[in-house]
Amino acid sequence: MIDVSDVSKRFVLHNQGGAVIPVIEGASFSVRPGECVALVGSSGAGKSTLMRMIHGNYLAASGSIRVGGTDVARAEPREILKLRREVLGYVSQFLRVVPRVPTIDVVAEPLTTLGVDPDAARARAAALLARLNIPEPLWALSPTTFSGGEQQRVNIARGFVHDYPALLLDEPTASLDATNRAVVLDLIRAAKARGAAIVGIFHDEAAREAVCDREIDVTGFAARRAA
Ligand SMILES: Nc1ncnc2c1ncn2[C@@H]1O[C@H](COP(=O)(O)OP(=O)(O)OP(=O)(O)O)[C@@H](O)[C@H]1O
């Protein structure tokens, strides 16, 4: 489902004399449907960079990144947007939303964008918000003023509202209490059971052991640093 093949990435810092920072070289791995793979490796090894390349935020310098039928490394921006709508979900650590949109609509939006009836989309959003213990009086409010853990749970609800065939999870349990952490781990297990291919960064080792089938040490793809 997700095939990363011989991918490299370097950053060119144009505002710092064109300094080149090679980060990743020759990264290759695959994630099958129903599998959850953790990216591990020391800080700065390139875990987030690799996730951003799979999501199409950072362009790979070379290689291919196939998600379903799309090569993210070569796709046009509109193909990447279509991929993100239909195939590739992403739970980031930080919630970015349009101000004043109620939480229930923030969570339902991925479904309404796909043409799901708004009432059905809101019902599914409500079920997830309830499961993630977001109090019902908050659903009509914008999540911009929510606590860190509440915002993270809204992000998680949004990431799981559509049954994406592929999912990227950036620290999905980072600021959660034990109860909500367990809910998130159950959502991940359910996504695997329905065949989702998942790539995640989990500094929470116990969470990683609970849901991940394999670890990929990104340090193995580290490019030799040159000035
Ligand atoms: N936009 C950018 N411009 C320049 N350099 C960048 C950029 N993004 C990442 N880097 C560099 O790439 C390297 C890898 O960073 P990355 O954030 O992918 O590491 P990580 O493994 O996710 O680290 P951590 O576990 O600390 O979050 C770092 O040396 C970082 O400075």
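Every value quoted in this text rests on a predicted model; they were computed, and no experiment measured them. (Residues numbered from 1 in each chain as written. Predicted model: local features only at pLDDT ≥ 70, side-chain atom pairs only at ≥ 80, totals over all residues. Heavy atoms only, no water.)

## Comments concerning the side chain of T49
One can find T49 in helix α1 (residues 47-55). What makes T49 buried here is its relative accessible area of 10%. (Helix = DSSP H or I, 4+ residues; strand = E, 2+ residues; numbered from the N terminus. Buried < 20%, exposed > 50% of the residue type's maximum accessible area, 1.4 Å probe, protein only.)

## Describing the sheet that holds strand β2 (residues 19-31)
Pairing within the open sheet is antiparallel, and its four strands lie in the order β2-β1-β4-β5. Pairing within the sheet leaves two strands with one partner each, and these edge strands are β2 and β5 (70-71). Relative to β5, strand β4 (residues 62-67) runs antiparallel, the two being bridged by two bridges. Bridge pairing in β5 links R66 to D71. (Pairing = 2+ DSSP bridges.)

## Considering the packing of helix α3 (residues 103-113) against helix α4 (residues 118-131)
Relative orientation of the contacting elements α3 and α4 amounts to 125°, with a least axis distance of 8 Å. By the angle between their directions, the pair α3 and α4 is classed as oblique. At the point where α3 passes α4, the crossing takes the right-handed sense. Along the contact surface, α3 presents T103, I104, D105, V107, A108, L111 and T112, while α4 presents P118, A121, R122, R124, A125, A126 and L129. Grouping the constituent residues of the contact of α3 with α4 by class yields nine nonpolar, two polar and three charged. (Axes fitted to C-alpha atoms, helices over the stretch in contact; angles between N-to-C directions. Parallel < 35°, antiparallel > 145°, perpendicular 65-115°, else oblique. Left-handed = near helix turned anticlockwise from the far one by under 90°. Contact = heavy atoms within 4.5 Å. Nonpolar A, V, L, I, M, F, W, Y, C, P; charged D, E, K, R; others polar.)

## Brief notes about the site of the ligand
Taken together, 14 residues lie near the ligand, and S43, G44, K47, S48 and T49 sit nearest. In this structure, an oxygen atom belonging to the ligand sits 2.9 Å away from a main-chain N or O atom of G44. Between the ligand and S48, the relevant distance is 2.8 Å, taken from an oxygen atom to a side-chain nitrogen or oxygen of the residue. Here the ligand has 640 Å² of accessible area as a free molecule, and 67% of this is covered by the chains. Among the elements that line the shell around the ligand, the one with the most residues is α1, at three residues. Classifying every residue of the shell around the ligand gives five nonpolar, seven polar and two charged. (Near = heavy atom within 4 Å. Polar contact = N/O pair within 3.5 Å; in protein donor to acceptor, adjacent residues only side chain to side chain. Areas by Shrake-Rupley, 256 points an atom, 1.4 Å probe, with all protein chains shown as cover.)

## Observations regarding the pairing of strand β1 (residues 2-13)
Looking at chain direction, β1 and β2 are connected through nine bridges and run antiparallel. By the bridge assignment, L13 is partnered in β2 with A19. Here β1 folds back onto β2, and the loop between the two strands holds five residues, one of which, G17, carries a positive phi near 70°. With five bridges joining them, β1 and β4 adopt antiparallel strand pairing. Looking at β4, one finds that V4 is bridged to I65.

## Structural notes on helix α6 (residues 178-193)
Taking 1.5 Å per residue, 16 residues should reach 22 Å; α6 reaches 22 Å between its end C-alpha atoms and fits that length. Within α6, the full set of buried residues consists of N180, V183, V184, L185, L187, I188, A191 and K192. Looking at the buried residues of α6, the elements they touch are β3 (36-40), α4, α5 (148-160), β7 (166-170), β8 (197-201) and α7 (205-211). Among the residues of α6, the N-terminal cap falls to D177, whose side-chain oxygen and the backbone nitrogen of T179 are separated by 3.1 Å. Looking at the residues trailing α6, positive phi occurs at G195, about 105°. (Expected span 1.5 Å × (residues − 1).)

## Re the sheet that holds β8
Taken in spatial order, the five strands line up as β6-β7-β8-β3-β9 in an open sheet, and their pairing is parallel. The sheet is open, and its two edges are formed by β6 (88-91) and β9 (214-217), each paired on a single side. For this sheet the average axis-to-axis angle between neighbouring strands, irrespective of direction, equals 20°. Of the strand pairs in this sheet, β3 and β9 are connected by four bridges, and their pairing is parallel.

## Here we look at the nonpolar core
The nonpolar side chains of soluble globular proteins are, as a tendency, buried together. Residues I156, F160, I188, I198 and F202 are the most contacted members of the largest nonpolar core, which totals 41 residues. At the level of secondary structure, the elements contributing two or more residues to this core comprise β3, α3, α4, α5, β7, α6 and α7. Among the elements that line this core, the one with the most residues is α6, at six residues. Not counting chain neighbours up to four residues away, the residues in contact with F160 comprise V91, R124, L128, L167, L169, L187, I188 and A191. Grouped together as the second largest cluster of nonpolar side chains are 33 residues, A45, A60, A197 and V199 included. (Core = buried A, V, L, I, M, F, W, Y, C linked by side-chain atoms within 4.5 Å.)

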